[in-house]
Amino acid sequence: MDPAQVSTVATEFTQFYYKTFSADRSQLHSLYRDQSMLTFEGQQFQGASKIIEKLASLPFQKVLHQISTIDAQPNFNGIFVCVTGALQVDEDAPQRFAQAFQLIPEGTSYYVLNDIFRLNYG
């Protein structure tokens, strides 16, 4: 896959994901499948329903992601995307985070096979 195409897919996916996350986390359901896995702060969730249940249960009303970097690489079955930045929930101070996605092609789009999220303390 062409590096420019990989970068475009990664950027468009990232913009869509965080915009949707901020507006209505339950609408991310279409990005996950039964075999998808989320590791959120060390806790693992498998399947679209369990992943969305976890994301929807997060204890905040408002969230804003400020993206610092988006790195992406093609691999044998899709695109690996690593995002870093800061997020602000409700009125709390921003916190640094890192999130990685394994995107798998499906028709003319992609779905998330793997999603790892971690706050960066320190």
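Thresholds applied
Residues numbered from 1 in each chain as written. Predicted model: local features only at pLDDT ≥ 70, side-chain atom pairs only at ≥ 80, totals over all residues. Heavy atoms only, no water. Phe/Tyr/Trp six-rings, centres within 6.5 Å; stacked < 30°, edge-to-face > 60°. Helix = DSSP H or I, 4+ residues; strand = E, 2+ residues; numbered from the N terminus. Buried < 20%, exposed > 50% of the residue type's maximum accessible area, 1.4 Å probe, protein only. UniProt positions renumbered as here; feature names shortened; annotations may be inferred. Core = buried A, V, L, I, M, F, W, Y, C linked by side-chain atoms within 4.5 Å. Contact = heavy atoms within 4.5 Å.

K.L.:
Could you give me a rundown of the packing of aromatic side chains, with the residues and numbers involved?
P.N.:
Counted by the stated rule, this structure contains eight aromatic pairs. Centre to centre, the rings of Phe13 and Tyr17 are 5.8 Å apart; their planes meet at 35°, and the pair counts as tilted. With Phe13 and Tyr17 both in helix H1 (residues 3–23) and four residues apart, the pair spans about one turn of that helix. Residue Phe13 shares its accessibility class with Tyr17, and that shared class is buried. Where Tyr17 meets Phe21, the ring centres are 6.0 Å apart and the plane angle is 35°; that geometry is what we call tilted. Taken together, the residues span about one helical turn, with Tyr17 and Phe21 both in helix H1 at a distance of four residues. Judged by its relative accessible area of 1%, Tyr17 falls in the buried class.

K.L.:
Tell me about the UniProt feature "domain: NTF2" (unreviewed entry) in the chain, and please be specific about residues and values.
P.N.:
Taking the UniProt record as the reference, the feature "domain: NTF2" (unreviewed entry) is found at residues 9–119. In residues 9–119, the share of helix is 22% and the share of strand is 55%. The end C-alpha atoms are 24 Å apart.

K.L.:
So what's going on with the nonpolar core? Which residues, and what values?
P.N.:
Tyr17, Phe21, Leu28, Tyr32, Leu55, Phe101 and Leu103 are the most contacted members of the largest nonpolar core, which totals 32 residues. Within the residue set of this core, elements represented by two or more residues are H1, strand E1 (32–40), helix H2 (48–56), strand E4 (78–89), strand E5 (95–106) and strand E6 (109–120). Considering each element in turn, this core owes the most residues, seven residues, to H1. Not counting the four nearest positions on each side in its chain, Phe101 is found in contact with Phe13, Tyr17, Tyr18, Ile79, Phe80, Val81, Val83, Val112, Asn114 and Asp115.

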